[in-house]
Each structure stands twice: as C-alpha cells, then as structure tokens.
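# Coordinates in review
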Amino acid sequence: MYLAILTLPLLSATVAGFLGRKVGKTGSHLITCSSLVLTTFLALVAFYEVGLCQSPVSIKLMSWIDSEFLLVSWGFIYDSLTVSMLLPVLIVSALVHIYSTSYMGEDPHNQRFFSYLSMFTFFMLMLVTGDNYLVMFIGWEGVGISSYLLINFWFTRLQANKAAIKALVMNRVGDWGFSIGLWAIFWTFGNLDFTTVFSLAPYINEELITIISICLLVAAMGKSAQIGLHTWLPDAMEGPTPVSALIHAATMVTAGVYLLVRSSPILEFGSTALILITWVGAITAFFAATTGLVQNDLKRVIAYSTCSQLGLLFLVAGLSQYNVALFHLVNHAWFKALLFLSAGSVIHAMNDEQDLRKFGGLSNLLPFTYSMMVIGSLSLMALPFLTGFYSKDLIIELAYGHYTFSGSVVYWLAAVAAVFTAMYSIRSLYLTFLGYPNGPKINYQNIHEAPLIMAIPLVVLAVFSIFFGYVTKDLFVGVGTDFWNNALFIHPNHSILVDTEFGIPSTMKLLPLIGSLLGTTAVFAIYWIFDYVPNQFISSNLGRGIYRFFNQKYFFDNIYNNFILNKLLNFGYTTNKILDRGAIELVGPYGLVHVFKNASNKITSLDSGFIPSYAMYIFSGLILFITLIFFIGDPRLFLLLLWAVLLLPNSSSKRTEY
C-alpha cells in the first residue's frame, strides 16, 4: 500500500504522457483522476495507521550508492510528519485533476497537461516520503522541472516562456544552496540518512551546524519564494489556473517549509540560523502583504497572499514551533486552493479576464463562486472559528510569547501583515463581486456559473476551509499531544507553547483580529462610501510615489534587471567577443585549423613543375640530411660546419673587393 502511494501517480503520468494518443483525452482524464483518487484514499488509510495508531513505516527498496563511507538506498519513511504532508498534497492534487477535466476541456493538449500534473504530484510525494536527503533532492529537482513544464504549458506565449525560465533560474539558486548543504552534511556526518544525521546532530560543532542550516535556509528560500528569491512566484501565474492552485497550495512552495520542518533536529542546535529564519519570514510576510494590497491582477493578489503566508511559516519555524508551522501549512492548503480554483471559475466565466478593474457586480451573476470565494477569503483573514484562525493567530501569538527583541519585532510585522491580508482580501472581493460592473458588455452577456465537475472540488475545499482547523487543532498543536512522536524535535529550551497559551495578555492575542476588522471596515469605507478617495490619493505626488513603490513590488525586478542581469549580459557579451571569438579561437582549435590550412597551401604551392626548383629542393634536402648526420654523430662537427657556412659569405665578399 505504501509503495502504491508513490507508484500510482507515476504510472498515470507515464500512461497519459507516452500513450496519450492511444488512450485519448477521455482516457487520460479517467486514468489520472482515478489514480489520484485511489492514492488519496490510501493516504487517508496511511494517516490513520501511522498518525492516529502511532505505527510508523520504513521501507528500504534497494541499494543506490555504496561507495566507501557513502551508503544511500532507495528508502522511504512514513511517520506522522510524512502522512500529515500527504493529506494536502494528494487531496488538493486529486481535486485539481478533477477540476481540470472541465477547466482545460477545450485545450488540444489535455494528455500532456494531465501527465505533467501527475508527474508533479509524484515528485512531491518522493520529496515528502524519502528517508534521506539524496532521495529528497531527487523529488526537489523533480518538482522544479515539473513546475517549469506546467508554467510553460502554453509555450507559444512569450510571457509564459519568460515566467517559466524565471522560476527555473530562481530555483537554481535554492538548488545551489541545497547542493552545498548536501556535501556539508556528508562531510560532517558521514552519511545522508535522516536517522544517522539527526542522531549525531547534538554532538556536532555549532559552527558547522550553522553553516548547514544556512545552506538549507537558502534552499528553502528559493523553493518557498522568500524575499530576494520571491520574484518567480507572482510571474508563475502565466500557467493555467489549476497549475497555480497546485503550486501555491500543496506542492512546490511548501517544499521549502517541509525541508526546514524535517531538518528540525539540525536547526535546533544552530541558534544563529533560527534567528535568521525568523527575520526572513517576518520581512517576507510584511513585504508580500503590502505588495498584494495594490495589485490589480486577481491571481497575482492571491499569489502575494501565498508569499505572505509562507513568510509566516518561516517565522514560526524560526521560533522552533515546527508543529504549528506544519499545522498552518496544511490549513493554508485548503483555503488557498479554494481561492485559486474560485478565481479560475471567475476567469473562466469572464472570457479569461484577470484584471480586477474590469470586474464588478458578479455577486448576482456568479452566486456559487462568490460564496466559495468569501469562505476562502474569510479563512485567509483568520476570522474566528474558520480553519485559518486556529493556526494563523497562533503563529502571531507565538512571536510575542518568545519574549525576545526578535520576537517582539516580528510580532508587530506579522500583525501588520495580517491587517493588510484582510484589506487586500476584502478589496479583491469588493472589486470582483460587489462593485460596479466595469468590464466589456460581451463578458457579462456570456457569463456562466461553474459546471458541476468544477463545483465539486470547490465544495470539498470549502468544507475543509471551515472545519479542518477546529477538528485537528488539538491533534496537531494541542498542549501535550503525542501525535508527532520522533518526527519533529523541539529543544526543551525552545518550547514556548505553554507560555504563549497562558502568559500573553488577551489584548495582544486579540490585536491582529481587531486590526483585521478595522482594516476591513476601512476598505469598505474607501471603496463603497468614499468612492473617489483612492483616485484623490494617487493624484498627489506622495500618494503616487507610495502607490508606485508598492505596485512595482519594491522595485525588486528593476534592481535585478539594472544591477545584476544587465551587468551579467554585458560581461557575457565581452567574454564572447574577446575570449570565445578572440583568444580561444586564435589559439584553440580554430587557430590550429588555420595554421595547418595555411601551411598546406604553402607546401602545395611548391609543386610548380619547374625542374630547377625541384633540383634546388633536392640539394636543400641533401644539405639538411648531412647536417643532421653531423649533429647526431658529433655536435662539435655540426658547430664547425655551421661556422664555416656563416663565414663563407664574408670570405667571398673579401675576395671580390680584393
């Protein structure tokens, strides 16, 4: 059963990809969707056996590398951390497959699309279930190349090409950090197996642990789009909307957080790295929330929401509360998938229009989609008693309960980010469903609600977005829960959950919620009551500057283009002209070819057919032959002969003068 969880998505991807013409569009839909639904059912059984019944499973399939000290096997581990990750990965993936059968039904390349989706899921499962860092790295690289293929699915579009290349290059930076971390782990611990590495971590020098932790942080920043390496995530919206839901909710971006959570026995002994992770997460959460507030593309707003939530996950991982990080990761998967798929329904109904400024008045025309998007947005805002509330507010409280300078600062950054999250969620809802209709008339004439096959996944995700957090809170993050066993490690000195639960003033606990409600009221006041305030704000120089700064994403793209990419392109051009087409071509193979060619041409020109010339060649060869004999026999005779030849012209000239 446990191997079937891995092999079924791989088999469905292989059949849909290589036998797509044989099975047809309907066959590929049936094979991939049924495989993912069956895999999801097996994952639920695994969650019951491993998570609830506390019986972890370890599988050693075969040996892979056996060289000196390096022993790596194809091994897979199913502990409570693994089966908890399987839930969002497989449930969201199965729902996206079902949703896509209708959303992508008119596309002529359905078999290729569903093959990519199943391959994406397979590599994410390999990343999650691997029992050593090298198997995890295979899955890590696999989700990277799968994301490239899916973002670039409509490869005839220039923007899709650029977005896919950008995602791949940015993830290369993270892969570079992971590669160095792999070598550092092997050099330090002598193995890459989780069991060996984690058991030896307490006895390793703290500086080495810090170096390894920073390498893992760089890897996680690239995959989970933290500030500095985040620019690929909003551009990934160029792919089909189901791809965005799969990347943002359950697979690609959660891989970096999973790497940190899985490596908790290493990170816990490197305090410097933990502080760095906390600050990176807090700054990312604040940056993404402020940027998403003024974006005008519906999918891009949700993308920056993902970036902000990932920042909160890094923040709480840096505070050593890995169980809370995983709890919010799972909760976030439900309402983020719901938001993306609901946005896909809106875009599908509005002739592929994504600009918020061309929506409006859709609440009466798309009541079901409106209801689904309201549920997803309220859960994202962490409204009480919805799924997001049980984990997101806990993260912010844990920051304050850390009782350090870093904890206090990141608390306020996270609280402000939560307020901005509520504001851009309500803004996108208002501009899409409640405002005045602003789009072309033809979009409203042809509007239609989502068909049943697209509605079923939305209903399932809505149920999870409402109830999952309440049902599983005590299991995942309850005080004294033994659900995680040995899957996670939190150093006793870093345990702050009890202090947070009972030692924080109620005012500090309620502050993010109060701020979110005030921010919601402010957005309604700005857009509903004072309809012209935003335009008046932008018309002033200060307002235009602030709006431009946030709308242009803190000018990260401009900085990268002007100060990094252009410099590298100029350097590459100079290298190409001076080295590649200059010195290397003159000295290297190109130059040797020209030398031989010119020499052969000169030798060929000697064959003139003139008999005196041939006599001269024979005489010259005879002299050269005699010279070599003298030189080989006695070098002194050769020198004597050379001296005589050199003096001969001088003596003849003297006789002439005489």
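Now for a description of the structure that goes with this document.

Here is what the cut-offs are and how they apply
- Residues numbered from 1 in each chain as written.
- Predicted model: local features only at pLDDT ≥ 70, side-chain atom pairs only at ≥ 80, totals over all residues.
- Heavy atoms only, no water.
- Salt bridge = Lys/Arg side-chain N within 4 Å of Asp/Glu carboxyl O.
- Helix = DSSP H or I, 4+ residues; strand = E, 2+ residues; numbered from the N terminus.
- Buried < 20%, exposed > 50% of the residue type's maximum accessible area, 1.4 Å probe, protein only.
- 1 Å grid on protein atoms, 1.4 Å probe; cavity = no way out; pocket = protein on both sides within 12 Å on 5 of 7 lines; lining within 4 Å.
- Points joined across faces, edges and corners; volume = space filled by probe spheres on them.
- Nonpolar A, V, L, I, M, F, W, Y, C, P; charged D, E, K, R; others polar.
- Axes fitted to C-alpha atoms, helices over the stretch in contact; angles between N-to-C directions.
- Parallel < 35°, antiparallel > 145°, perpendicular 65-115°, else oblique.
- Left-handed = near helix turned anticlockwise from the far one by under 90°.
- Contact = heavy atoms within 4.5 Å.
- Phe/Tyr/Trp six-rings, centres within 6.5 Å; stacked < 30°, edge-to-face > 60°.
- Expected span 1.5 Å × (residues − 1).
- Bend = angle between axes of the 7 residues up to and from the residue.
- Core = buried A, V, L, I, M, F, W, Y, C linked by side-chain atoms within 4.5 Å.

## So, the pattern of salt bridges
Per the stated rule, a full pass over the model turns up eleven salt bridges. Salt-bridge contacts for R172 lead to E141; the nearest nitrogen and oxygen are separated by 2.3 Å. Taken together, the residues span a long stretch of sequence, with R172 in helix α6 (residues 158-189) and E141 in helix α5 (residues 133-151) at a distance of 31 residues. Of the residues examined, R172 reaches a relative accessible area of 42% and is grouped as partly exposed. Overall, the relative accessible area of 23% leaves E141 in the partly exposed class.

## Examining empty space enclosed by the protein
What the rule picks out here adds up to three cavities of 30 Å³ or more. A volume near 70 Å³ is recorded for the largest cavity. In this structure, the largest cavity is lined by L298, V301, I302, S305, L339, M373, S377, L380, Y424, S425 and S428. No other element matches the four residues that helix α14 (residues 298-318) contributes to the lining of the largest cavity. Taken together, the residues of the lining of the largest cavity sort by class into seven nonpolar, four polar and no charged. Taken together, H230, T231, P234, D235, R300, Y304, K553 and D557 form the lining of the second largest cavity. Elements that contribute at least two residues to the lining of the second largest cavity include exactly α9 (232-235) and α14.

## Things to note about the packing of helix α17 (residues 387-400) against helix α18 (residues 405-434)
Where α17 contacts α18, the axes come no closer than 7 Å and their chain directions differ by 155°. Between α17 and α18, the angle is such that the two are roughly antiparallel. Both α17 and α18 take part in a crossing whose hand is left-handed. Of α18, the residues touching α17 (which contributes K392, I396, A399 and Y400) are G407, S408, V410, Y411, A414, A415, A418 and T421. Of the residues assigned to the contact of α17 with α18, the class counts are eight nonpolar, three polar and one charged.

## Topic: the packing of aromatic side chains
As enumerated under the stated definition, the model contains 39 aromatic pairs in all. With 5.5 Å between their ring centres and 75° between their planes, F389 and Y390 make a pair best called edge-to-face. Taking the relative accessible area as the measure of exposure, F389 reaches 22% and is therefore partly exposed. Pairing F549 with Y554 gives two aromatic rings, centres 4.6 Å apart and planes at 25°, and the pair type is stacked. For Y554, a relative accessible area of 18% puts it in the buried group.

## Looking at helix α20 (residues 452-477)
Between its terminal C-alpha atoms α20 stretches 36 Å, which fits the 38 Å expected from 26 residues at 1.5 Å a residue. In α20, a bend of some 45° at F467 exceeds every other bend along the element. For α20, the full list of buried residues reads M454, A455, P457, L458, L461, A462, S465, F468, G469, T472, F476 and V477. Elements that come into contact with the buried residues of α20 comprise α2 (20-52), α3 (80-103), α15 (322-349), α16 (367-380), α17 and α21 (497-503).

## Concerning the nonpolar core
Residues Y78, V92, Y133, F178, W232 and L362 are the most contacted members of the largest nonpolar core, which totals 193 residues. With 19 residues, the top contributor of residues to this core is α15. If we skip the residues at most four places from it in the chain, V92 touches L87, L246, A249, A250, A333, W334 and A337.

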